[in-house]
2 protein chains.
Amino acid sequence: MVNYQPQVGYVLKQAQSLLRLRLEEALKPLELTLSQYSCLHLLRREPGISAAALARGTFVTRQSMNVMLQALLDRGLVERPARAESGRALPAALTAAGVDALDSAQTLVDSVETRMLSGMTESDRDALARGLAACVEALEVTVTHAAGGQGFW
Amino acid sequence: MVNYQPQVGYVLKQAQSLLRLRLEEALKPLELTLSQYSCLHLLRREPGISAAALARGTFVTRQSMNVMLQALLDRGLVERPARAESGRALPAALTAAGVDALDSAQTLVDSVETRMLSGMTESDRDALARGLAACVEALEVTVTHAAGGQGFW
DNA sequence: TTGACCATGTCAGTATCCTGACATACTGTT
DNA sequence: AACAGTATGTCAGGATACTGACATGGTCAA
């Protein structure tokens, strides 16, 4: 075998697929999808964020994010003014019910992630996180804009 | 900050999203989806494989795989008998055109992966691959069945 | 042989996400 | 002030993947 690079791409896809599956399973009792959880999580971290910024932070288009936000609005987990005070961006924020739902979800998500990282040493986890971060950096074209993506997980 | 675990999950999602994006961009000139490439790749590695097995190896359902296979059949990249000689499984295989398309795609995919892993040492790449493999193992419930998923990337 | 069990292929319906397009509001340059 | 450029929200349409269900074919135990 000449190069091992292909293995990394496949294992990356495999790990993310499996993690997504387990997280969806864990969140199912709460009637939350993984994307919705990501949205709520980012909303707690950055209250008043716009839908477009939410979309960038959760790796979906702003169109998809607005559909998702509408569902969360209908369920009373998120609130957003009908009109912006200044500019076009409509600042979204969690409601009290949204905070409660996120708290419940966070426990389940943390449990899955802890399971995923069990059996690894602290330095192993650091190496993994740094390796993945290096991949992201290498795949980014515009480094300037990328700096806006603050880790919120 | 108490625990770093959440960071790993987020960066994992970020890396996979970005890799997927770059691969889709790279494959676009060939009119191939990343899922279609994965399908062709696995078909070369395991000729005569069933659609259900293809689905497991590419992390989609067998229903989705059959739709994808139909498209590849229509384009003449894959061939599959109308009836099985024994059992229900219909063995699929690449056509000559399919091999050509895969060869072209492989070059593009390898280039993206090489870019992703650039700037990392050999031991960094090994650590990354081993860390991801450990995550997969920890998230699997049935280890016996999982052994069927041979890396084919 | 009979029956339960499992894997595969397939059909139907649904959900989610995407691309393309347009109008609106700010920003910076001329 | 006027203009191009950028960012946001939104509407419309299509592509892709999923869940649920059913029939078929093979396997294994009673």
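Our structure is the block above this text.
In this text the structure is predicted, and so the values were computed from the model without any measurement.

Participant: How would you summarise the environment of B:Glu113 if you had to cite specific residues and measurements?
Facilitator: Residue and element names in this part refer to chain B. Note on placement: Glu113 falls in helix H5 (residues 96-117). Owing to a relative accessible area of 1%, Glu113 belongs among the buried residues under this scheme. The spacing of Glu113 and Arg22 is 91 residues in sequence and 9.4 Å in space, taken between C-alpha atoms.

Participant: Give me the lowdown on the relation of the copies chain B and chain A, citing residues and values where you can.
Facilitator: Rotating chain B by 180° and translating it 0.0 Å along the rotation axis places it on chain A, where the RMSD comes to 0.0 Å. Expressed as a symmetry operation, the mapping of one chain copy onto the other fits a two-fold axis. For chain B, the minimum C-alpha distance to the rotation axis belongs to B:Leu128 and amounts to 2.7 Å. Taken together, the interface assignments show that 100% of the residues at the interface of chain B recur at the interface of chain A, consistent with an identical surface on both copies.

Participant: Run through the protein's contact with DNA strand C, naming residues and quoting values.
Facilitator: Of all residues adjacent to DNA strand C, which total 21 residues, the nearest are A:Gly87, A:Arg88, B:Arg56, B:Arg62 and B:Arg88. Here, DNA strand C places atoms within 4 Å of the protein, and 57% of those atoms are sugar or phosphate. In the model, a base nitrogen of DNA strand C is placed 3.1 Å from a nitrogen or oxygen of the A:Arg88 side chain. Between a base oxygen of DNA strand C and a side-chain N or O atom of B:Gln63, the distance comes to 3.4 Å. Contributions of two or more residues to the surface near DNA strand C are made by helix H4 (62-74) of chain A together with helix H3 (51-58) and helix H4 (62-74) of chain B. Looking at the surface near DNA strand C, its residues break down into 6 nonpolar, 9 polar and 6 charged.

What counts, and at which threshold
- Residues numbered from 1 in each chain as written.
- Chains lettered and ligands numbered in written order.
- Predicted model: local features only at pLDDT ≥ 70, side-chain atom pairs only at ≥ 80, totals over all residues.
- Heavy atoms only, no water.
- Helix = DSSP H or I, 4+ residues; strand = E, 2+ residues; numbered from the N terminus.
- Buried < 20%, exposed > 50% of the residue type's maximum accessible area, 1.4 Å probe, protein only.
- Least-squares fit on C-alpha atoms with pLDDT ≥ 70 in both.
- Contact = heavy atoms within 4.5 Å.
- Near = heavy atom within 4 Å.
- Polar contact = N/O pair within 3.5 Å; in protein donor to acceptor, adjacent residues only side chain to side chain.
- Nonpolar A, V, L, I, M, F, W, Y, C, P; charged D, E, K, R; others polar.

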